[in-house]
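Next come the chains, spelled out residue by residue.
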Amino acid sequence: MSNIKKDIVVIGGGPAGYIGAIKAARLGASVLLAEKKQVGGTCLNIGCIPTKYFVQSVHTISALRNGASRGIEITDPSFTIDMKKAVKGKDKTVKRLVKGVEFLLNQAKVETVNQKATIIGKNLVKLEDGTVIETKNILIASGSVSATVPIEGLDSPFVVDSEKILDLEYLPKKLAIIGGGVIGVEFASIFSSFGSEVTVIEALPSLLNGFDEEQVEVLSKGLKKNKVTVYTSTTVTKIETHTDEATLSLSNGKSLNSDLILLAVKRKANLSPLTDEFKIKTDKNRLVINEYGVTSVDNIYGGGDVTGLNMLAHVAYHMGEAVAHNICVDLGLLKTPKQKIRLDIVPSVVYSDLEIASVGMTEKEAAATKKYDIVVGKFPLSANGRSLSADFSEGFVKVVSERKYGQILGVFCAGLNVSEIIGEAVVAMQHELTVYEIADSIHAHPTINEALKEAAAICIGQCYHWGS
Amino acid sequence: MAEPIIMPKSGMAMEEGVIIEWFVKEGDQIKEGDVIAQIETDKTTMDLESDLTGTVLKLLYSDGTTVPVTLPIAWIGKKGEAIPAAEGTAKKEEVKEVLQEEVKLPITISSSSTKIAATPAAKTVASEKGIDLATIKPTGKWGEIVKNDVLAGEIKATALAKKVASDQSIDLAEIEGSGYQKKIYVRDLQRVTTATEDRRVALTNIQKITGKRMLESVLTIPQVTEDISVKMDNLLALREEIFEQSGIKSSINDFIILATARALELHRRLNSVFDNHAIIEKGEINIGVAVATDRGLVVPHIKNTNTHTLASINSVTKDLIVRAREGKLALEELSGSTFSISNVGMYKITSFTPIINPPEAAILGVNTIEKVLALVDGNVREKSVMRLSLTFDHRIVDGAEASQFLLTLVDFLENPLRLLI
């Protein structure tokens, strides 16, 4: 039997795990964090952060292209991407952030072990090296892994997932992306800007399923400008591998050759910490938790992608914090009531040269509830000074509200830097500010952010920068 | 010239007030807005603020004295100024005279009857922030609300929660918020309104006053209710004929209001008020019509109802009902009725016991029209019959008189052509 005793063992060092571990430790719990790779999780190592590093390169390229019209004369306008250097730069940023997380864990006195961990009893966690830890509580935050789809020839060496594509040593000439969701669209934007000829194949009738149609339109235009070919309602039926490239056969009868195929379909929960020795309830390959984050075992909690609820880093942060709070209540370290995990108001953002950012119900979803007299205020960024001065006239900020109280039901933005303004919409919705309060607040000028105020003002007929 | 400060009349029902304590003495300099005394009414204790600036020349009564409303209780003027000789000791008899004149019919709504003691600063802050003083717990020395009470009592709720609560008449003071520092969110309101839990709905001002008056009515008035049946066939036929010939679509209620006004002309005792010392048969016949609104029951009246025609009653009533529901009635339309009618016929009610709208002598309840079988010349015929339920104050009216009034009324309704003459 073990001789290590802990209050909490956290399995997984991603956003849910490391935040949960730091919070619980700061509240006085003895915490061990087991991470088989490096802390930071998918987001930091192979997801949000590395892709944003590359998206910034997209902005740089775009700026170079726009230079001439601004009187910036670049003598030789051609450029190439050195993928090795690009990856090295990306790694440097990732490493710095990982160090930051390690520092925070150390500072909080979280014991971090670089090992795989499995749960073998209600209070027992076994590490890869055979060490068994006795613990009062367990937080399963083992994250997610790339999912796959059954396609003949998918084992081709030209097929990579969203993790491997981040470490490419060469720039593909022709990149085929299977899946037109957030991951697929972001990579399409990155590689098309870098100079690859990109084709996106999406099984559903539109890219970015679940986003507002007008938002998707703005991003689609951007992809079109970069000569990205998009096939919707289309699947890949077969992949044939040749020496230098592979041929994809599509359900629409077409075929295309690519020297790299990115499989960017869904992600699935990583349930590897679960063992047959000790059963914890799962459903459709995800860990089942209640609103307080508790699994089918009362001292074992779950948070982040492994719960399959809403696979976003910021959702994982929220879950990690709530769960750490609740465990500390169990441990007697906190005397306050347990916290519920709230996933009703969660923003989501897609990055390319332009961005789309959303929170809440779309106009269609709001109408489907039949509960509201809906008023939509849409302010085009072609009337926004900050956007125009950066050479961008595409995009909008759209507020979906209801007439009776001015409640904000959803906010949908597309355009330059709109990811940075969705936070205001989240605060407003979470804390029940209405379009009246937003319209009544002074917003800095010139900012993209102003467009949110204007959109709110349109809802109540008080916008003086647009309309009549 | 010296001017008096009078015992304030806070609400129509207030007849006298007690000077609990003077906060000033003769010779003191005071200015407008100063609290000079604490007054107790039958309902509440309040600070009396001076509406004058000057020297307190004379305090006419000492602490603890009960003084009829509107009587001078102090004189304010320039230092050394004389006060009018006759003033200072007003005779009780005179006071009564004044009072009797003043006993016009109590109004249904009176904002002043719910006056709340608060300092001017508290009132200003409350008004700026849109806070209802009634929701604030006073901590002032005399039970008055001070500015800090308003600030402390400001209910923390989100903008949306405030709007929803106001719309659904939910009293935020009754709700514990789930947010930071107990801030109230819409979800907290929803907890109040879920079906499994009790829901606490704050009374509107109208409901508070109506409730008080109805209780006062049943507790203080010996009420008797009589039911009588009216054959409605003639009236229904006439109504149809009027419509065909003139296009005027009068309601059954219009006929009943008009018939009641005419019957009251012949039975003035039913158009009286009781003031403890005498029965006052009112000169005007102003029939009040009970209207149910979102905010509660209101009873606007048709002035000099007996002088109206069927057509004018129809238009006046329609207008009153619309404005009652919009809350746009003038105060004088809500006070001064001499007899009330409450019609529940549209709800298929066959009989009820209306409660007198004090100080009126009676109220007429109107029920639904039913089809009944009747023997006419030995044959079974279908007839339309309506029941009227009259509640009367047995101190003013006795059974015989009330019954005679009903017979007259039934006669009008069964022979409605007479109403058109």
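Residues numbered from 1 in each chain as written. Chains lettered and ligands numbered in written order. Predicted model: local features only at pLDDT ≥ 70, side-chain atom pairs only at ≥ 80, totals over all residues.

1. A look at the overall build of chain B
Link 1 in the chain: Helix and strand counts for chain B come out as 11 helices and 18 strands.
Link 2 in the chain: Looking at chain B as a whole, 32% of its 421 residues are labelled buried.
Link 3 in the chain: Considering only contacts within chain B whose residues lie at least 6 apart along the sequence, 64% involve residues at least 24 apart. (Helix = DSSP H or I, 4+ residues; strand = E, 2+ residues; numbered from the N terminus. Buried ≥ 20, exposed ≤ 12 C-beta atoms within 10 Å, placed from the backbone. Contact = placed C-beta atoms within 7 Å.)

2. So, the overall build of chain A
Link 1 in the chain: The helix and strand inventory of chain A stands at 12 helices and 24 strands.
Link 2 in the chain: Split into buried and exposed, the 468 residues of chain A put 47% on the buried side.
Link 3 in the chain: In chain A, 68% of the contacts between residues at least 6 apart in sequence involve partners at least 24 apart.

3. A word on the sheet that holds strand β1 (residues 3-6) of chain B
By way of backbone hydrogen bonds, the strands of a sheet pair with one another, either parallel or antiparallel.
All names here are of chain B.
Link 1 in the chain: The strand order across the open sheet built from 4 strands is β1-β8-β6-β3, with neighbouring strands paired in antiparallel fashion. Edge positions in the sheet fall to β1 and β3 (29-30), since each has one partner strand and no second.
Link 2 in the chain: Inspection of the sheet shows β1 paired to strand β8 (residues 72-77) by 4 bridges, in the antiparallel sense. Across the sheet, residue P4 finds its bridge partner in β8, namely W75. (Pairing = 2+ DSSP bridges.)

4. Things to note about the packing of helix α8 (residues 252-266) of chain B against helix α9 (residues 310-326) of chain B
All names here are of chain B.
Link 1 in the chain: In the contact formed by α8 and α9, the axes pass within 9 Å of each other and the chain directions differ by 115°. What the angle tells us is that α8 and α9 run roughly perpendicular. In this structure, the crossing between α8 and α9 has a hand that is right-handed. Contact residues: N253, D254, F255, I257 and L258 in α8; L310, I313, N314 and T317 in α9.
Link 2 in the chain: Class assignment for the residues of the contact of α8 with α9 results in 5 nonpolar, 3 polar and 1 charged. (Axes fitted to C-alpha atoms, helices over the stretch in contact; angles between N-to-C directions. Parallel < 35°, antiparallel > 145°, perpendicular 65-115°, else oblique. Left-handed = near helix turned anticlockwise from the far one by under 90°. Nonpolar A, V, L, I, M, F, W, Y, C, P; charged D, E, K, R; others polar.)

5. Here's the deal with the confidence of the model for chain B
Residues and elements named next belong to chain B.
Link 1 in the chain: Mean pLDDT over chain B stands at 83; residues scoring 70 or higher make up 88%.
Link 2 in the chain: Here residues 87-114 is a poorly scored stretch, pLDDT under 50, and it has 52 contacts once near neighbours within four places are set aside; other chains count.
Link 3 in the chain: ipTM for the predicted complex: 0.72, alongside a pTM of 0.62. (pLDDT = per-residue confidence, 0-100.)

6. Observations regarding the nonpolar core
Residue and element names in this part refer to chain A.
Link 1 in the chain: I177, I178, L219, I261, L262, C413 and V418 are the most contacted members of the largest nonpolar core, which has 96 residues in total.
Link 2 in the chain: When residues of this core are assigned to their parent elements, the largest contribution, 8 residues, is made by helix α5 (residues 182-194).
Link 3 in the chain: Contact partners of I177, with chain neighbours within four places excluded, come to G184, F187, A188, V198, T199, V200, I201, L262 and A264.
Link 4 in the chain: One finds V9, A21, L274 and V294 within the second-largest nonpolar core, a separate group that totals 54 residues. (Core = buried A, V, L, I, M, F, W, Y, C linked by C-beta atoms within 7 Å.)

7. Concerning the environment of K383(B)
Residue and element names in this part refer to chain B.
Link 1 in the chain: Position of K383 among the secondary structure elements: in strand β18 (residues 379-393).
Link 2 in the chain: K383 sits 12 residues away from K371 along the chain, and the two C-alpha atoms are 5.5 Å apart.
Link 3 in the chain: Those residues within four positions of K383 in sequence are excluded, and the remaining contacts are K231, D233, V372 and A374.

8. Things to note about the interface of chain B and chain A
Link 1 in the chain: Taken together, the contact between chain B and chain A spans 8 residues of the former and 7 residues of the latter.
Link 2 in the chain: A per-element tally of the side of chain B that touches chain A places helix α4 (residues 159-167) of chain B first, with 5 residues.
Link 3 in the chain: When grouped by side-chain class, the residues that make up the side of chain B that touches chain A number 6 nonpolar, 1 polar and 1 charged.

9. Observations concerning the pairing of β18(B)
Residues and elements named next belong to chain B.
Link 1 in the chain: Judged from the 9 bridges that link them, strand β9 (residues 223-231) and β18 form a sheet pairing that is antiparallel. Counted as the bridge partner of E226 is L390 from β18.
Link 2 in the chain: In terms of strand pairing, strand β17 (residues 362-376) meets β18 through 13 bridges, oriented antiparallel. Each bridged residue has a counterpart across the sheet, and for V376 the counterpart in β18 is N379.
Link 3 in the chain: Between β17 and β18, which pair antiparallel and follow one another directly, the connecting turn spans 2 residues, one of which, D377, has a positive phi of 50°.

10. Some details on the sheet that holds strand β15 (residues 301-302) of chain B
Residues and elements named next belong to chain B.
Link 1 in the chain: Spatially, the 6 strands line up as an open sheet ordered β9-β18-β17-β16-β12-β15, and their pairing is mixed. The strands lining the two open edges of the sheet, one partner per strand, are β9 and β15.
Link 2 in the chain: Along the sheet, α8 makes contact with β12 (287-289), β15, β16 (339-343) and β17, crossing β16 at roughly 155°.

11. Quick word on the environment of V101(A)
All names here are of chain A.
Link 1 in the chain: Assignment of secondary structure puts V101 in helix α4 (residues 83-107).
Link 2 in the chain: A count of 23 C-beta atoms within 10 Å places V101 in the buried class.
Link 3 in the chain: Each C-alpha atom of the pair V101 and G13 lies 9.2 Å from the other, and the pair is 88 residues apart in sequence.
Link 4 in the chain: Excluding residues that lie within four positions of it along the chain, V101 makes contacts with Y18, V39, G40 and L44.

12. Thoughts on unusual backbone geometry
Link 1 in the chain: Cis geometry is adopted by the peptide bond preceding P446(A), which originates at H445(A) and carries an omega value of -5°.
Link 2 in the chain: The residue P446(A) is located in the loop between α11 (435-439) and α12 (450-459) in this model.
Link 3 in the chain: For the bond from P358(B) to P359(B), the omega torsion is 5°, close enough to zero to count as cis.
Link 4 in the chain: Mapped onto the elements, P359(B) comes out in the loop between β16 and β17.
Link 5 in the chain: In this model, K109(A) sits at a positive phi of 65°, which is unusual for a non-glycine residue.
Link 6 in the chain: Summarising the element assignment, K109(A) is placed in the loop between α4 and β3 (111-113).

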